[in-house]
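Chain and residue survey
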Amino acid sequence: MKYILMLCIGLIWGSQFLLNDYILKHFSPLGLAALRMFFGFITLSIMILLIPKERKKKIKLDKKLLILFIALGATDAAIPFYLIGYGQQQLDSAVVAIILGIIPVFTALLQNLVGKGQKAGRWQYIGMAVAFVGLFILINPSASSFSGSLKGYAAILGAAFCFAWAFMFMDRIPNSISALHASRFILMLYSIPFLIYWLYAEGFNLPTDSKAWAYLFILGVFASGIVYLFYIQSVRIAGPTFTSFSNYLVPLVGTFLGVFFLGESFTINIALALIMTILGLIICNRKS
């Protein structure tokens, strides 16, 4: 089950950077973050209404749980969505993918420092190193790819660190709360204030490009709504470190989408990266 969840996460997140590139030609990073959270919130709300078992459930909030949800929403949605949008305007997309490949390392370090349950060990770090080499082989950046601004690097590194903390917070959501209700509540906390602030800061002169709106809607439904159900379930089943490993699948998925739907060539780099990623995953799951 944990591998199915990882594949689902990789498939959804693998398409978001391509969509972001187009959306950011028409929307600001703030608008991108606000609207994808809002569409994700609407999607999960509709799912709750349509599923009788979920419709009957309620979240019993206390101070500790509210603080947890506020922290999770900030680190898994509001802050990184904005930082990635900003960073993608400053850096080559290949560099963005490579920097985000450090998320599993950040997650493993945090798991050992502040996490609960099983700690990351030697084999997890070796597996990450092998998969990261595969990521680098896949992207094969040129020297000119790294010529972006320091602010762009800081933004993407900040997003990666936020996502790592988010895995820690996900691991603390009580099992009595369904992943659907938890995800919907988290997005609700941030989507509406962000949307209001975006409209206030940038005015009501909304972009008119229908393709950008369609991509943004798809991004919100899947990469800001449904994917969080998979993330929370995966953390509950396999733990934060294993779940964070899905970040190595994201560039692979994006590459294979290009091969199958855009007619791009299947190169030796893609084959080697696939082998290295699978090998890294096998090593990462070896018991210390």
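The paragraphs below set out a description of the structure included in this document. (Residues numbered from 1 in each chain as written. Predicted model: local features only at pLDDT ≥ 70, side-chain atom pairs only at ≥ 80, totals over all residues. Heavy atoms only, no water.)

Some words on the overall build of the protein chain
When helices and strands are counted, the protein chain shows 14 helices and 0 strands. When the helices and strands of the protein chain are read in sequence order from the N terminus, they spell out α-α-α-α-α-α-α-α-α-α-α-α-α-α. Against the compact-globule benchmark of 19 Å for 288 residues, the protein chain has a radius of gyration of 19 Å, which places it among compact chains. Once the C-alpha set of the protein chain is aligned to its principal axes, its extents read approximately 50 × 45 × 35 Å. Within the protein chain, the proportion of its 288 residues that are buried is 53%. Across the protein chain, every contact between residues at least 6 apart in sequence was considered, and the portion connecting residues at least 24 apart equals 88%. About 13600 Å² of surface is accessible on the protein chain, with carbon and sulfur atoms providing 69% of the total. Averaging the coordinates of the 21 positive side-chain charges in the protein chain and doing the same for the 9 negative ones gives two points 14 Å apart. (Helix = DSSP H or I, 4+ residues; strand = E, 2+ residues; numbered from the N terminus. Rg over C-alpha atoms; globule rule 2.2 N^0.38 Å. Buried < 20%, exposed > 50% of the residue type's maximum accessible area, 1.4 Å probe, protein only. Contact = heavy atoms within 4.5 Å. Areas by Shrake-Rupley, 256 points an atom, 1.4 Å probe, with all protein chains shown as cover. Lys, Arg positive; Asp, Glu negative; His and termini not counted. Charge placed at Lys NZ, Arg CZ, Asp CG, Glu CD.)

Details of the side chain of Arg 36
The residue Arg 36 is located in helix 3 (residues 29–50) in this model. Although Arg 36 is buried, it makes no salt bridge; Asp 76 carries the closest opposite charge, 9.0 Å away. Once residues within four sequence positions are removed from consideration, Arg 36 is found in contact with Trp 13, Gln 16, Asn 20, Phe 81, Leu 216, Leu 219, Gly 220, Ala 223 and Ser 224. (Salt bridge = Lys/Arg side-chain N within 4 Å of Asp/Glu carboxyl O.)

Remarks on helix 6 (residues 93–100)
The element helix 6 is largely enclosed, with a buried count of 7 among its 8 residues. Listed in full, the buried residues belonging to helix 6 are Ala 94, Val 95, Val 96, Ala 97, Ile 98, Ile 99 and Leu 100.

Here's the deal with the packing of aromatic side chains
One pass over the structure, following the stated rule, counts 14 aromatic pairs. With centroids separated by 5.5 Å and ring planes inclined at 85°, the aromatic side chains of Phe 106 and Phe 161 adopt a geometry described as edge-to-face. Here the residue Phe 106 occupies a position in helix 7 (residues 103–113), and Phe 161 occupies one in helix 9 (residues 150–170), the gap between them amounting to 55 residues. Counting every residue linked through ring pairs, the aromatic cluster contains Phe 106, Phe 161, Trp 165 and Phe 169. (Phe/Tyr/Trp six-rings, centres within 6.5 Å; stacked < 30°, edge-to-face > 60°.)

Focus: the nonpolar core
Residues Trp 13, Phe 69, Met 170, Ile 173, Trp 198 and Tyr 231 are the most contacted members of the largest nonpolar core, which totals 72 residues. Not counting residues within four places of it along the chain, the set of residues in contact with Trp 198 comprises Phe 27, Ser 28, Leu 30, Gly 31, Ala 34, Leu 35, Gly 203 and Leu 206. Among the nonpolar cores identified, the runner-up in size contains 16 residues, and Leu 135, Tyr 248, Leu 249 and Cys 284 belong to it. (Core = buried A, V, L, I, M, F, W, Y, C linked by side-chain atoms within 4.5 Å.)

Focus: a positive patch on the surface
A cluster of basic residues, Lys 64, Lys 116, Lys 119 and Arg 172, forms a positive patch at the surface. Residue Lys 119 is classed as partly exposed on the basis of its relative accessible area, which comes to 37%. (Patch = residues over 30% accessible without salt bridge, like charges linked within 9 Å, V, L, I, M, F, W, Y side chains within 5 Å.)

A short note on the packing of helix 6 against helix 9
The relative placement of two packed helices comes down to the angle between their axes together with the axis-to-axis distance. The contact between helix 6 and helix 9 brings their axes to 9 Å, and the two run at 35°. Taken as a pair, helix 6 and helix 9 cross one another with a handedness that is right-handed. Contacts between helix 6 and helix 9 involve Val 95, Val 96, Ile 99 and Leu 100 from the first element and Tyr 153, Ile 156, Leu 157 and Ala 160 from the second. Classifying every residue of the contact of helix 6 with helix 9 gives 8 nonpolar, no polar and no charged. (Axes fitted to C-alpha atoms, helices over the stretch in contact; angles between N-to-C directions. Left-handed = near helix turned anticlockwise from the far one by under 90°. Nonpolar A, V, L, I, M, F, W, Y, C, P; charged D, E, K, R; others polar.)

What about the packing of helix 5 (residues 63–90) against helix 9?
Contact geometry for helix 5 and helix 9: axes closest at 8 Å, N-to-C directions at 155°. As far as their axial angle goes, helix 9 and helix 5 are roughly antiparallel. Considering how the two elements wind past one another, helix 5 and helix 9 form a crossing that is left-handed. (Parallel < 35°, antiparallel > 145°, perpendicular 65-115°, else oblique.)

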